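Topology and contacts: notes
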Amino acid sequence: MRALGIDYGRRRIGLALSDATGLLARPWKTLHATGAPARISALLAAEITALAAEPDGLVAVAVGYPRRLNGDPTDQTPIVEQIVDRLREAVALPVVLQDERLSSREAESLLARREKDWRKRKVLLDAAAAAIILQDYLDGQARVRHTPSEEDDA
C-alpha cells in the first residue's frame, strides 16, 4: 500500500507518493500554500481522502517536521504541528511527523544533477523534498519490519 509525503512551505506544499509496495518514494505534485492552517489542513485532507479511495489505497502520511540542525523548532514548526493535529482529526490514517532537516538541500542537489536551469529546478523542488521526506519514512518503516527480534536470537 502507498504512503504520502508532505513538505509544507510558506508558498508551496510538495507532495510525494510511494509505489504500491511502499518501498520507493517519487515526487508527485505541488500545491499552493494559501490561507490559514485550517484551510491548508482541509485541502490536504481532501487529497488524502481521494488517494485513500483509489485502488492502491493509502496507509500513512508522513509530514516533514521542520527543525533547526540543533533540533530546536523553527518558525514553521508550530504551523506544521497545527496542520498535523487537524489532519489527525480529519483522516482515518496515521499521520506522522518525519524529520525534514536538510531535505530541501538534498533535493536541490539531486535536481541540479539533471537540470542546470535553477528556474526549472525551483518548480520541482518542493515535490522532490517531499519525496526525500517520504523515503526517509519508508526506510525507517523497513528497518522496523526487518529488525531481528529477541526470539530470532534464541
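For the structure given in this document, a descriptive report is provided here.

Here is what the cut-offs are and how they apply
- Residues numbered from 1 in each chain as written.
- Predicted model: local features only at pLDDT ≥ 70, side-chain atom pairs only at ≥ 80, totals over all residues.
- Heavy atoms only, no water.
- Salt bridge = Lys/Arg side-chain N within 4 Å of Asp/Glu carboxyl O.
- Helix = DSSP H or I, 4+ residues; strand = E, 2+ residues; numbered from the N terminus.
- Buried < 20%, exposed > 50% of the residue type's maximum accessible area, 1.4 Å probe, protein only.
- Core = buried A, V, L, I, M, F, W, Y, C linked by side-chain atoms within 4.5 Å.
- Contact = heavy atoms within 4.5 Å.

So, about the pattern of salt bridges. With the rule as written, the count across this model stands at four salt bridges. The partner of R10 in a salt bridge is D75, and the shortest N-O contact between them spans 2.0 Å. Remark: D75 occurs in the loop between β4 (60-65) and α2 (77-90) and R10 occurs in the loop between β1 (3-8) and β2 (12-18); sequence separation between them is 65 residues. R10 sits in the exposed class, given a relative accessible area of 54%. The class for D75 is partly exposed, based on a relative accessible area of 49%. Across the pair K29 and E47 runs a salt bridge whose closest N-O atoms are separated by 3.0 Å. With K29 in strand β3 (residues 25-32) and E47 in helix α1 (residues 37-53), this residue pair connects regions lying 18 residues apart in the sequence. The exposure class of K29 is partly exposed, given its relative accessible area of 28%. Judged by relative accessible area, which is 15%, E47 ranks as buried.

Turning our eyes to something else, we now look at the nonpolar core. Of all hydrophobic cores here, the largest spans 23 residues; its most connected members are L4, I6, I13, L44 and V61. For this core, the secondary structure elements donating two or more residues are β1, β2, α1, β4 and α2. Considering each element in turn, this core owes the most residues, five residues, to α1. Apart from the residues within four sequence positions on either side, V61 is in contact with L4, I6, I48, L93, P94, V95 and V96. Among the nonpolar cores identified, the runner-up in size contains nine residues, and A3, A16, A62 and A130 belong to it.

Within the secondary structure, E100 sits in the loop between β5 (95-99) and α3 (103-114). Excluding residues within four positions of it along the chain, E100 makes contact with D7, G64, Y65, P66 and I133.

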